[in-house]
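Structural overview for review
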Amino acid sequence: EKDKGLIRDSWESLGKNKVPHGIVMFTRLFELDPALLTLFSYSTNCGVAPECLSSPQFLEHVTKVMLVIDAAVSHLDDLHSLEDFLSNLGRKHQAVGVKTHHNTQTSKMTMRLTVVGESLLYMLQSSLGPAYTTPLRQAWLNMYSIVVSAMTRGWAK
Ligand code: HEM
């Protein structure tokens, strides 16, 4: 319950500015793992990460990701109601990751989502400043890991 309060309070202002915060998150993501850029079929329309992140298709995906986070935050009391949505989303991302070596595919996508999680924490830290505390970090990690588990169930099927 305390976790939920920490998440809701911190998301209140961030959630109002999804795109700029999403850009901070994805800038960090492509810094941590530039190869992720190539998983977006439309990455051929741009060169380097900063340029890609200002292109409409990338901005759209950034917005989609932020909307999923927003949905998770507003369903903290019943995250399981997002199960079908998230497992379908996982299945779609399995297809995105197909380019990787097939028998390591699942662990690769899981690793990728871990890097996404790190980028999410980075974004929270840089926008919350001193309000980014250890319990807050842990609360977000817990929620994110529930989201990732639900997505993972989509490609286990
Ligand atoms: C769709 C890539 C992580 C949410 C897509 C698409 C690609 C993609 C290529 C299809 C094209 C598009 O709609 O832009 C990736 C990669 C990721 C990643 C490479 C990480 C390494 C995430 C995460 C979330 C997310 C963490 C949310 C928690 C979505 C949504 C869609 C989407 C909502 C639209 C699905 C639909 O069309 O029904 N992603 N994605 N993505 N992604 Fe991601």
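These notes cover the structure that comes with them. Starting from 1, residues in each chain are numbered consecutively following that chain's sequence as written. Side-chain atom pairs in this predicted model are given and counted only at pLDDT of 80 or more, local residue features only at pLDDT of at least 70, and totals for whole chains, interfaces and linings cover all residues. Hydrogens and water molecules were not included; the side-chain quantities draw on all heavy atoms of the structure.

Turning to the packing of helix 1 (residues 2-14) against helix 4 (residues 56-74), a few remarks are in order. Orientation is described by lines fitted to C-alpha atoms, with helices fitted over the stretch in contact, and by angles between N-to-C directions that extend from 0 to 180 degrees. Only runs of H or I of at least four residues qualify as helices and only runs of E of at least two qualify as strands under DSSP, and these elements are numbered from the N terminus. Taken N-terminus to C-terminus, the directions of helix 1 and helix 4 make an angle of 140°; their axes are 10 Å apart at the nearest point. As far as their axial angle goes, helix 4 and helix 1 are oblique. As for how helix 1 packs across helix 4, the hand of that crossing is left-handed. Packed against helix 1, whose contacting residues are Ile7, Arg8 and Trp11, the element helix 4 presents Met66, Ile69, Asp70 and Val73 at the interface. Charged residues are taken to be Asp, Glu, Lys and Arg, nonpolar residues to be Ala, Val, Leu, Ile, Met, Phe, Trp, Tyr, Cys and Pro, and polar residues to be all remaining types, Gly included. Here the contact of helix 1 with helix 4 is built from residues that sort into five nonpolar, no polar and two charged. An angle below 35 degrees is treated as roughly parallel, one above 145 as roughly antiparallel, one from 65 to 115 as roughly perpendicular, and anything else as oblique. Handedness of a helix crossing follows the sense of rotation of the near helix relative to the far helix, less than a right angle counterclockwise being left-handed and clockwise being right-handed. Every residue pair with non-hydrogen atoms within 4.5 Å of one another is taken to be in contact.

On to the coordination of the iron atom of the ligand. Looking at the iron atom of the ligand, one finds its protein donor set to be His61 (NE2) and His93 (NE2), positioned 2.0 Å from the metal centre. Each metal's donors are the N, O and S atoms within 2.8 Å of it, or within 3.2 Å when it is Na, K or Ca, and because water is not part of the set, sites may look incomplete. Angular criteria define each label, namely tetrahedral for four donors with all angles between 85 and 135 degrees, square planar for four and octahedral for six donors with opposite donors over 155 degrees apart and remaining angles between 65 and 115, and irregular for whatever fails these tests. Around the iron atom of the ligand, the six donor atoms are arranged such that angles at the metal cover 85 to 179°; this shape is classified as octahedral. You can see His61 sitting in helix 4 and its partner His93 sitting in helix 5 (residues 83-96), a full 32 residues away along the chain. For His61, a relative accessible area of 16% corresponds to the buried category. Type-normalised accessible area, obtained with a 1.4 Å probe on protein chains alone, sets the label of each residue: buried when under 20%, exposed when over 50%, and partly exposed for intermediate values. His93 sits in the buried class, given a relative accessible area of 19%.

Quick look at the pattern of salt bridges now. We define a salt bridge as a side-chain nitrogen of Lys or Arg found within 4 Å of a carboxyl oxygen belonging to Asp or Glu. By the definition in use, this model includes five salt bridges. For Asp70, the salt bridge identified is with Lys18, shortest N-O distance 4.0 Å. You can see Asp70 sitting in helix 4 and its partner Lys18 sitting in helix 2 (residues 18-32), a full 52 residues away along the chain. Each of Lys4, Arg8 and Asp77 takes part in salt bridges that share partners, so that together they form one network.

Any functional reading would require information beyond the geometric quantities listed.
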